[in-house]
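Residue-level listing of the chains:
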Amino acid sequence: MRTAIITDSNSGVTAQEARRLGVWVVPMPIIVDSRTRFEGVDLFPEEFYRLLAQGHSVSTSQPAPGDVTGLWDELLESYDQIVYIPMSSGLSNSCETALMLAADYRDKVFVVDNQRISITQRQSVLDALELVRCGLDARRIHDVLMAQRLEASIYITVDTLKYLKKGGRVTAAGAAIGTVLGIKPVLQIQGDKLDAFAKARGWKSAKKIMLDAMERDVTERFETLAARESKEIVLRGRSDVTLCCDALWLSEALGNLVKNALEHTGRGGRILIGWERTALLTNIVVEDNGKGIPPEDIHNIFKRFYRSRFSQDTQGIGLGLPLAKAIVEAHQGTISVTSRVGQGSRFVLSFFHLTER
């Protein structure tokens, strides 16, 4: 069964990248001085920001229903099913429109409202592509992406308060005072909402707030899962260890390993996440004192859809560990595992240091 992946230009996937990835992008309409233009077609970021700075009237709209269904109809001549990943329904009506349109494409078009935009929406597109390669049909891909809808946050700050004032998010007086004092609002996109998160004095402070918030998000997300069953997560490593990588992809790989450890560690168990830098390698370790992996399974756990007969996880589909392995190997790294039944498992991700020639 052939499945096509479609997103919209809010994902940041350009036309050129879409061709390389093998996906399709619906361009978002942008009205400039009463003229409708299309993101990534006849309006690109550099000109968009220049028009804003020059004071032109700029607003956004949603794609025309006919443009969306036209693309669906065209692709369904060659594909059996479509997964459509538009921007969050909480930030635009375009998702709700697509959901209504899809009612006429029963079992053919699956619209994912997993409350993403920008880089997190792009990540959903990449995840969907990987799931297609793994052999999942459109319905299953939709269900996997929807199950992850709250597992992402975006933190942003702005160069000027002008457009927040124009959109009614700050008062004229607040914008004036903030500009004089150099206050940078930090905003958060979580789920279907864009909310104020914090206020900072200057770029340096705003950047620190955002980085601290991201670290806290990741830690709290896993700690919440662990706390439900009185499990402990321990972080161990030097703060000056760095790794050149695709942060989103590697975070997903590491997240899959930690979730796997949580699922296979009993109440009161312990998960260690450690990292170290040696002369040749940077190593990341995820270790638990859980049930361990039976010898008959240990050579199969990185195979797609493999499910152990000992597994008690009824919701997993056997893709977390294979995806982690694929991500690590895409970074020219290796992943290894050792385990003893009844004592726990130890996964090690190893990356050679890159040097310039």
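Read on for a plain summary of the structure. (Residues numbered from 1 in each chain as written. Predicted model: local features only at pLDDT ≥ 70, side-chain atom pairs only at ≥ 80, totals over all residues. Heavy atoms only, no water.)

### Things to note about the overall build of the protein chain
For step 1, the next point in the chain: Scanning the protein chain for helices and strands turns up 11 helices and 15 strands.
For step 2, the next point in the chain: Within the span of the protein chain, comprising 357 residues, buried residues form 43% of the whole.
For step 3, the next point in the chain: If you sum the accessible surface of the protein chain, you get close to 20200 Å²; carbon and sulfur atoms cover 52% of it. (Helix = DSSP H or I, 4+ residues; strand = E, 2+ residues; numbered from the N terminus. Buried < 20%, exposed > 50% of the residue type's maximum accessible area, 1.4 Å probe, protein only. Areas by Shrake-Rupley, 256 points an atom, 1.4 Å probe, with all protein chains shown as cover.)

### Some words on the side chain of Asp 288
For step 1, the next point in the chain: Checked against the element boundaries, Asp 288 lands in strand E13 (residues 281-288).
For step 2, the next point in the chain: Buried and unpaired, Asp 288 has Lys 231 as its nearest opposite-charge partner, separated by 9.4 Å.
For step 3, the next point in the chain: With residues up to four places along the chain from it excluded, the contact list for Asp 288 reads Ala 261, Thr 265, Arg 270, Ile 271, Gln 343, Gly 344 and Ser 345. (Lys, Arg positive; Asp, Glu negative; His and termini not counted. Salt bridge = Lys/Arg side-chain N within 4 Å of Asp/Glu carboxyl O. Contact = heavy atoms within 4.5 Å.)

### Notes on the sheet that holds strand E9 (residues 183-190)
For step 1, the next point in the chain: One open sheet accounts for three strands, arranged E8-E9-E10; its pairing is antiparallel. In the strand order of this sheet, the two ends are held by strand E8 (153-157) and strand E10 (193-201), each with one partner. Geometrically, the sheet is characterised by an average inter-axis angle of 25 degrees between neighbouring strands, direction not taken into account. (Pairing = 2+ DSSP bridges. Axes fitted to C-alpha atoms, helices over the stretch in contact; angles between N-to-C directions.)

### Remarks on the environment of Leu 136
For step 1, the next point in the chain: Tracing the sequence through the fold places Leu 136 in the loop between helix H5 (118-133) and helix H6 (138-147).
For step 2, the next point in the chain: Assessed through its relative accessible area of 9%, Leu 136 is described here as buried.
For step 3, the next point in the chain: Remark: the alpha-carbon pair of Leu 136 and Met 1, spanning 135 residues in sequence, is separated by 9.0 Å.

### Things to note about the nonpolar core
Generally speaking, a soluble globular protein has its nonpolar side chains buried in company with each other.
For step 1, the next point in the chain: Counting 29 residues, the largest nonpolar core has Leu 257 and Phe 347 as its most contacted members.
For step 2, the next point in the chain: Secondary-structure elements contributing two or more residues to this core are helix H9 (203-227), helix H10 (247-263), strand E12 (270-277), E13, helix H11 (320-330), strand E14 (333-340) and strand E15 (344-352).
For step 3, the next point in the chain: The leading source of residues in this core is H10, at seven residues.
For step 4, the next point in the chain: In this structure, Leu 257 is in contact with Val 286, Leu 321, Ala 324, Ile 335, Phe 347 and Leu 349, ignoring residues within four places of it in sequence.
For step 5, the next point in the chain: The next biggest cluster of nonpolar side chains, apart from the first, holds 20 residues, and it includes Val 23, Val 125, Leu 129 and Ala 138. (Core = buried A, V, L, I, M, F, W, Y, C linked by side-chain atoms within 4.5 Å.)

### Here's the deal with the pairing of E14
For step 1, the next point in the chain: Two elements, E14 and E15, share eight bridges in a ladder whose sense is antiparallel. Of the residues in E15, the one forming a bridge with Gly 333 is Phe 351.
For step 2, the next point in the chain: The turn joining E14 and E15, which pair antiparallel and follow one another in sequence, is formed by three residues; a positive phi near 85 degrees is taken by Gly 342.

### Details of H5
For step 1, the next point in the chain: With 16 residues, H5 ought to run about 22 Å at 1.5 Å a step, and its terminal C-alpha atoms sit 23 Å apart, in line with that.
For step 2, the next point in the chain: Those residues of H5 that sit buried are Thr 120, Gln 121, Gln 123, Ser 124, Val 125, Leu 126, Asp 127, Ala 128, Leu 129, Glu 130 and Leu 131.
For step 3, the next point in the chain: Taken from the residues just after H5, Gly 135 is the one with a positive phi, measuring 95 degrees. (Expected span 1.5 Å × (residues − 1).)

### Focus on the sheet that holds strand E6 (residues 81-85)
For step 1, the next point in the chain: Judged by pairing direction, the sheet is parallel, and its four strands sit side by side in the order E2-E1-E6-E7 without closing on themselves. Because the sheet does not close on itself, it has two edges, and the strands there are strand E2 (24-26) and strand E7 (109-111). In this sheet, neighbouring strand axes are inclined to one another by 25 degrees on average, regardless of whether the strands run parallel or antiparallel.
For step 2, the next point in the chain: The sheet contact formed by strand E1 (residues 3-8) and E2 spans three bridges and is parallel. Within E2, the residue paired with Thr 7 across the bridge is Val 25.

### Thoughts on the packing of H5 against H6
For step 1, the next point in the chain: Across the interface, H5 lies against H6 with an axial gap of 10 Å and an inter-helix angle of 140 degrees. Here H5 is positioned oblique relative to H6, judged by the angle of their axes. The hand of the H5/H6 crossing is right-handed. Residue-level inspection shows Ser 124, Asp 127, Ala 128, Leu 131 and Val 132 of H5 in contact with H6, the latter providing Ile 141, Val 144 and Leu 145.
For step 2, the next point in the chain: When its residues are assigned to classes, the contact of H5 with H6 shows six nonpolar, one polar and one charged. (Parallel < 35°, antiparallel > 145°, perpendicular 65-115°, else oblique. Left-handed = near helix turned anticlockwise from the far one by under 90°. Nonpolar A, V, L, I, M, F, W, Y, C, P; charged D, E, K, R; others polar.)

### A look at the pairing of E12
For step 1, the next point in the chain: Bridging between strand E11 (residues 232-236) and E12 involves five bridges; their strand directions are parallel. Along E12, the bridge assignment pairs Leu 235 with Ile 273.
For step 2, the next point in the chain: Taken together, the seven bridges between E12 and E13 define a ladder with antiparallel strand orientation. Residue Gly 274 lies in a different strand from E13, and its bridge partner there is Val 285.
For step 3, the next point in the chain: Counting the residues between successive antiparallel strands, the hairpin from E12 to E13 contains three residues.

### As for H6
For step 1, the next point in the chain: The set of residues buried in H6 consists of Ala 138, Ile 141, His 142, Val 144, Leu 145 and Met 146.
For step 2, the next point in the chain: Buried residues belonging to H6 abut E1, E6, E7 and H5.

### A few points about the packing of aromatic side chains
Aromatic rings considered in pairs are described by the distance between their centres and by the relative angle of their planes.
For step 1, the next point in the chain: Per the counting criterion, the structure on display carries five aromatic pairs.
For step 2, the next point in the chain: Note on Trp 24 and Tyr 79: the rings are 5.5 Å apart at their centroids and 80 degrees apart in plane angle, and the pair reads as edge-to-face. Taken together, the residues Trp 24 in strand E2 and Tyr 79 in the loop between helix H3 (65-75) and E6 connect sequence positions 55 residues apart.
For step 3, the next point in the chain: Centroid distance Phe 48 to Tyr 49: 5.3 Å. Interplanar angle 75 degrees. Geometry classified as edge-to-face.
For step 4, the next point in the chain: Grouping aromatic residues by their ring pairs yields a cluster made of Trp 72, Tyr 84 and Tyr 105. (Phe/Tyr/Trp six-rings, centres within 6.5 Å; stacked < 30°, edge-to-face > 60°.)

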